[in-house]
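Commentary on secondary and tertiary structure
The chain contents come next:
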Amino acid sequence: MVFSIGLAAMVLAAGMGSEMSPQASPVDVHGRLQVKGNRIVGKDGKPASLAGMSLFWSQWMPQYYTAGTVAWLKSDFKSTGVRAAIAVGSGGYLTQPDVETKKAHAVVDAAIKQGMYVLVDWHSHDAEKTPEAAEKFFGELAAKYGNKPNVIYEIYNEPLKVSWSQVIKPYAERVIAAIRKHDKDNLIIVGTPTWSQDVDAVIPDPIKDPNVAYTLHFYAGTHKQYLRDKAQKALDAGLALMVTEWGTVNADGDGKVDRESTQAWMDFIAKNQLSHFNWSVADKVEGAAILKPGSSGNGGWKDTELTESGLYVRDLIRGWKH
Ligand code: MG
């Protein structure tokens, strides 16, 4: 009887655990993500290679910052994560902090319910000009959600052509300190110079925190082998990378879907067990948008509502081995 009481307690404990993240959901399987060498691994120490969508700039496509969209990305796209691109300038957080914070929290809550990972992205190109805003936003986020393994902090989307050591790293260290006050251990992703392409700039001067990885962005129509070579150099030097944003089209978000280049990138990503988030969930008339104009903000999209990029990327995400 002692044995069966023990067993019952174990079953009960397992049941309680699964209440936090739905059973067999991505977060239930991998737990809190951590950097180990040049890989991002789950609780079992094995690489976790996430695949999902990025939402569009929060101030311009607020209709997709919903539980319905997040649930649909999980059920139909088989996304293991989602990215909230929280706008900073251009009418974003700096002018309406409460409105943008609510959008971020809505997506985080929805991801937790689904057992998905959620990248909370500070969608800025000049974040070093207003570090106190990022400290406040991420400090509050960490205080509220730092105990949830779902949350990944992406503290600077795409720096411009600025110095890693003189500009980006000092900014990142301030924001990381604000996060670490409340959350000692969740994964933090830091942007890199030249629209998060110059990942090799970090090699001589990485951030001293055990759970930091660096951002690599590419647009398949524009960026080819030279950028993969740069990324390989960073990986070989021991840096962990995450593709928090990528497109099937040109770097301006428009143009044709470049399948050949996308496939070369997906091969590289698979080989290196990276995670990838496609730009973007939007119904704008633009090559990178996955939806046709007027598509619902609550998911349930028919195939006829998906664009060429949307159908192609959905297949890539559905077929991803993670
Ligand atoms: Mg934590």
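Further remarks concern the sheet that holds strand 3 (residues 51-55). Spatially, the eight strands close up into a barrel ordered 3-4-5-6-7-8-9-10, and their pairing is parallel. Going across the sheet, the axis of each strand differs from the next one's by a mean of 30°, ignoring polarity. Packed onto the sheet, helix 8 (residues 225-236) meets strand 8 (212-219) and strand 9 (241-247) and runs at close to 170° relative to strand 8. Contacts from helix 9 (residues 259-271) reach strand 8, strand 9 and strand 10 (276-281) within the one sheet, and its direction differs from that of strand 8 by about 165°.

Gly 146 (O), Asp 183 (OD), Asp 185 (OD) and Asn 186 (OD1) make up the full set of protein donors to the magnesium ion, lying at 2.1 to 2.4 Å. The sequence motif formed by the donor residues of the magnesium ion is G-x36-D-x1-D-N. Highlighted residues: Gly 146 in the loop between helix 5 (131-145) and strand 6 (151-154) and Asp 183 in the loop between helix 6 (164-180) and strand 7 (188-190), separated in sequence by 37 residues. For the pair shown, Gly 146 and Asp 183 are each scored as buried.

Our next topic: the packing of helix 3 (residues 67-75) against helix 4 (residues 97-114). Relative to each other, helix 3 and helix 4 sit at 40°, their axes nearing to 9 Å. Classified by chirality, the crossing of helix 4 by helix 3 is right-handed. Between helix 3 and helix 4, the contacting residues are Ala 67, Val 70, Ala 71 and Lys 74 on the first element and Val 107, Ala 110, Ala 111 and Gln 114 on the second. The residue makeup of the contact of helix 3 with helix 4, split by class, is six nonpolar, one polar and one charged.

Proteins that are soluble and globular tend to have nonpolar side chains buried together. Membership of the largest hydrophobic core comes to 87 residues, with the highest contact counts inside it found for Trp 122, Phe 138, Ile 155 and Val 190. Discounting residues that sit within four places of it in the chain, Val 190 has contacts with Ile 155, Trp 164, Ile 168, Ala 172, Ile 176, Ile 207, Val 212, Ala 213, Tyr 214 and Thr 215. In terms of nonpolar packing, the next biggest core, distinct from the first, is built from 14 residues, Leu 33, Leu 119, Ile 152 and Leu 187 among them.

Right, let's get into the environment of Val 120. With respect to the helices and strands, the residue Val 120 is situated in strand 5 (residues 117-123). Measuring from C-alpha to C-alpha, the distance between Val 120 and Val 199 comes to 20 Å, with 79 residues separating the pair along the chain. Residues in contact with Val 120, not counting those within four places in the same chain, are Ala 84, Ile 86, Ala 104, Val 108, Phe 137, Phe 138, Leu 141, Ile 152, Tyr 153 and Glu 154.

Below, the discussion takes up the pattern of salt bridges. Oppositely charged side chains are able to pair whenever their charged atoms sit close together. Scanning the entire structure with this criterion turns up 20 salt bridges. For Arg 318, the salt bridge goes to Asp 76, with nearest N and O atoms at 2.9 Å. Of this pair, Arg 318 sits in helix 10 (residues 308-318) while Asp 76 sits in the loop between helix 3 and strand 4 (81-87), and the two are 242 residues apart along the sequence. On the basis of relative accessibility, which here comes to 36%, the residue Arg 318 falls in the partly exposed class. The salt bridge involving Asp 303 is made with Arg 314; its shortest N-O contact spans 3.0 Å. Linking Asp 303 in the loop between strand 10 and helix 10 with Arg 314 in helix 10, this pair joins segments that are eleven residues apart in sequence. Using a relative accessible area of 45% as the deciding quantity, one classes Asp 303 as partly exposed. Connected via shared salt-bridge partners are Asp 76, Asp 303, Arg 314 and Arg 318.

Reading the values: rules and limits
- Residues numbered from 1 in each chain as written.
- Predicted model: local features only at pLDDT ≥ 70, side-chain atom pairs only at ≥ 80, totals over all residues.
- Heavy atoms only, no water.
- Pairing = 2+ DSSP bridges.
- Helix = DSSP H or I, 4+ residues; strand = E, 2+ residues; numbered from the N terminus.
- Axes fitted to C-alpha atoms, helices over the stretch in contact; angles between N-to-C directions.
- Contact = heavy atoms within 4.5 Å.
- Donors = N, O, S within 2.8 Å, 3.2 Å for Na, K, Ca; no water.
- Buried < 20%, exposed > 50% of the residue type's maximum accessible area, 1.4 Å probe, protein only.
- Left-handed = near helix turned anticlockwise from the far one by under 90°.
- Nonpolar A, V, L, I, M, F, W, Y, C, P; charged D, E, K, R; others polar.
- Core = buried A, V, L, I, M, F, W, Y, C linked by side-chain atoms within 4.5 Å.
- Salt bridge = Lys/Arg side-chain N within 4 Å of Asp/Glu carboxyl O.

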